[in-house]
Each structure stands twice: as structure tokens, then as C-alpha cells.
Amino acid sequence: MNQKEELIVRIKDLAREKNAIILAHNYQVPEVQDIADLTGDSLALSIQASKTDAAMIIFCGVHFMAEAASIVCPDKKVIIPVEDAGCAMADMLTAEQLRGLKKEHPGAPVVTYVNSSAEVKAESDICCTSANAVQVVKWTGAREVIMTPDRNLAAWVRRHTDQVIHAWDGYCPIHDDLSVVELKKAMAEHPDAVVMAHPECTEQVLELADVVRSTSGMLDYAKSSSAEEFIVATENGLIHALEKENPGKRFFFASANMICKDMKKTGLPEILKALEDETPEVKVPEDIRIKAYRAVDRMLQVPRD
Ligand code: 13P
Ligand code: SF4
């Protein structure tokens, strides 16, 4: 057995012994995706976290995702293998800033993207993910809605509803950086490819896309599509699962620069250490958790199309 195989065996044995489940986001490095019990987008992982009967969740992703698991499963130990794996977008809005925005638009419900801190969720009426943002905003039934923290997701929703959307000016640096020029270059190189993009990309980029979906939405689309070539405008870690699930189909980066460094911090040694030490634990203070839970739970009640 080589070193990697040994690590895998030790992780699996220890996870079994401790009744731990390993969840991994679709952007994690290939070996982490491969060892996970479940992979998915933010919505799928929140749902899985709320359903598991494991005693411990090892959350391979970024901090807000582990926090979301702790919000829905307060009785479970939620461990994030790398404590400082964060999300630049989530860090762009504080609860205090949100309170200020609410004062500017009194009465407008706050729809907050799950890429946000527990404190921001606690100040929100309902959460959404990239997979259900349009449905959630429509479901509020409100004429005016505050959307935080992603301006690009808000612009995407605006195109699909006639509600007035007041957006916070946050963004994901990785998706926001993808330029129309870069995407057009990839399209010229692969003229037959279907362009799949994440709604965190700019409006101008999304206008060029054939399909706009969450990460798991892209996986579903690629599987069911009869197309054989795809340009993928999201964090490049998704290509691993796309290729694994679709042998014979070809996937191309929209840009080789779409890499979220925080998503790449977790590897097999970090997972093993997290299982051994049962740290660092992510625990949301109960007063914040109860309020944040209301917003997440409301989202989970919204019917999906
Ligand atoms: P998904 O919910 O689509 O997986 O996206 C999460 C994310 O962080 C995108 O940058
Ligand atoms: Fe946050 Fe962007 Fe990384 Fe997703 S890709 S976790 S939005 S910084």
C-alpha cells in the first residue's frame, strides 16, 4: 500500500469507528471528493446534514458551509478540517451592515445567499442557494426584496422576476473575475461546446451562457444532455466530478484562473487529523443559531421546481 492508500484506509476506519460522515463540496480537490460519503452543492449538503444520523460531520468545504451544518444539526459535532478555509464573498457583509441595509428598505424581506455568516443569516428572513434563489424570491411574494450578499446572483434573479431587488454589493472574486473576453476565447476554441455558468458570474458572462446552474445543477445537466462538449464557467474543481460522471464527454475551463484557494486547503492528511483530534469544531452560539435556523429552515420548505 502506498502512503495515499494507507491514509484512505485510516480515514475510513476512523470515520466508521466514530460514526462520522464526510461531506465534501463539489470544488474540493479530487482525492477529498473521492473519499467523501457525499458530495454536492451548498443546498444538497445542507439537506444531507439535516438528515444524517451520524454523530459527527467532517465538513470539507469552507467555513459558512460547516456553520450551516451546525445550524441545522446542533446535536452533532461539526468539524471543519482547516479552520481558516473561508469564503471571500461571505466576508463582504456583516450583521451590522445588514441591519443598516434593512433600515434603508423597511419592510422588505431579506433573502440571504447561504454564502454568508451565521450572524448575517440570523438577521435574514430566508436563505437561498444558487440552486433555488429565483424560487425563494418569488415565494416571498413581496414587491420589494433585499438580496445579500451577492450582487451577481441578485442580478440573475432580477432577470427572472418582476420584483424589485435591492442587492448588497458583494461578489465572489473567482466568478466575478471571469471576463467576457476570456469566455469568448474559450467559446471560439470549442465552438460546439455547451456553455454552463454559475450565477455568481457577472450578468455579461451569464448572457453568453446556454445554461446557468448551481454546481450540482451543472452535474445533472451534463449527465442528461446529449451534448458531448461543455465549457464550464465556475470554480475548476467541478471538472473532476463532471469527468468522473461522464466518461466520453469533454469539459473545458472557461478560464484556468477560476480557483478558490480556500476550497483547496483541505487534503487527506487534514481530514485524518480532524477525525483524530475532533477539532476544529464549528459551533454557532445558540441565540444566533435559533434565528439563523429559521431562515435556513424556511428555505428548505420552499417547493423546488
Ligand atoms: P453551489 O451552491 O452552487 O455549490 O455554490 C457554492 C459556491 O461557493 C459557489 O462559489
Ligand atoms: Fe466563496 Fe467564491 Fe470560494 Fe465559492 S468560490 S467559496 S463564493 S470565494
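So, a few notes on the structure that sits alongside this text. (Residues numbered from 1 in each chain as written. Chains lettered and ligands numbered in written order. Predicted model: local features only at pLDDT ≥ 70, side-chain atom pairs only at ≥ 80, totals over all residues. Heavy atoms only, no water.)

### Points about the overall build of the chain
Of the regular secondary structure elements, the chain holds 15 helices and 12 strands. A compact globule built from 305 residues should have a C-alpha radius of gyration of about 19 Å, and the chain, at 19 Å, falls within 12% of that. The proportion of buried residues among the 305 residues of the chain is 58%. Put simply, 61% of the contacts in the chain that link residues at least 6 apart link residues at least 24 apart. (Helix = DSSP H or I, 4+ residues; strand = E, 2+ residues; numbered from the N terminus. Rg over C-alpha atoms; globule rule 2.2 N^0.38 Å. Buried < 20%, exposed > 50% of the residue type's maximum accessible area, 1.4 Å probe, protein only. Contact = heavy atoms within 4.5 Å.)

### Regarding the sheet that holds strand β10 (residues 211–212)
Ordered in space as β10-β9-β11-β12, the four strands form an open sheet in which the pairing is parallel. For this open sheet the edge positions go to β10 and β12 (250–253), each flanked by a neighbour on one side alone. (Pairing = 2+ DSSP bridges.)

### Overview of the site of ligand 1
Surveying the vicinity of ligand 1 reveals the residues H25, Y27, D41, S42, Y113, N115, S130, H175, H198, E200, S214 and T215. In the model, an oxygen atom of ligand 1 is placed 2.8 Å from a nitrogen or oxygen of the H198 side chain. A distance of 2.8 Å separates an oxygen atom of ligand 1 from a polar atom in the side chain of E200. When isolated, ligand 1 has an accessible area of 300 Å², and the protein chains bury 96% of it. Grouping the constituent residues of the shell around ligand 1 by class yields two nonpolar, eight polar and two charged. (Near = heavy atom within 4 Å. Polar contact = N/O pair within 3.5 Å; in protein donor to acceptor, adjacent residues only side chain to side chain. Areas by Shrake-Rupley, 256 points an atom, 1.4 Å probe, with all protein chains shown as cover. Nonpolar A, V, L, I, M, F, W, Y, C, P; charged D, E, K, R; others polar.)

### Remarks on the nonpolar core
If you look at the biggest cluster of nonpolar residues, it comprises 71 residues, and the most contacted ones within it are I57, F59, V111, C128, M147 and I231. Here the element with the most residues in this core is helix α4 (residues 63–72); it accounts for six residues. Discounting residues that sit within four places of it in the chain, I231 has contacts with L183, A186, M187, H190, A193, V194, V195, M196, F252, F253 and A254. (Core = buried A, V, L, I, M, F, W, Y, C linked by side-chain atoms within 4.5 Å.)

### Let's talk about the side chain of D41
Inspection of the secondary structure assignment puts D41 in the loop between β2 (38–40) and α3 (42–51). A polar contact of 2.8 Å, which involves the side chain of D41, links it to the side chain of S214. With near-sequence residues (within four places) excluded, D41 lies in contact with H25, N26, A131, S214, T215 and S216.

### Quick look at the site of ligand 2
Taken together, the residues surrounding ligand 2 are Y27, V62, C87, A88, N115, C172, I174, E200, C260 and M263. When its residues are assigned to classes, the shell around ligand 2 shows eight nonpolar, one polar and one charged.

### Things to note about the pairing of strand β9 (residues 194–197)
The two faces of a sheet get side chains in turn, since along a regular strand they alternate between them. Side chains V194 and M196 of β9 all project onto a buried face; the interleaved residues V195 and A197 project onto the opposite face, where all are buried too. Inspection of the sheet shows β9 paired to strand β11 (residues 229–233) by four bridges, in the parallel sense. Looking at β11, one finds that V195 is bridged to I231. In this region the chain leaves β9, passes through helix α11 (residues 203–208) and returns to the parallel neighbour β10; the handedness of that crossover is right-handed. (Right-handed = clockwise from strand over helix to strand, strands pointing away.)

### Some remarks on helix α15 (residues 286–301)
For α15, spanning 16 residues, the distance from its first C-alpha to its last is 22 Å, which sits close to the expected 22 Å at 1.5 Å a residue. Within α15, burial applies to I288, R289, A292, A295, V296 and M299. Summarising the contacts, the buried residues of α15 are in contact with α3, α4, α6 (118–122) and β6 (126–128). (Expected span 1.5 Å × (residues − 1).)

Shape descriptors only; they carry no functional weight alone.
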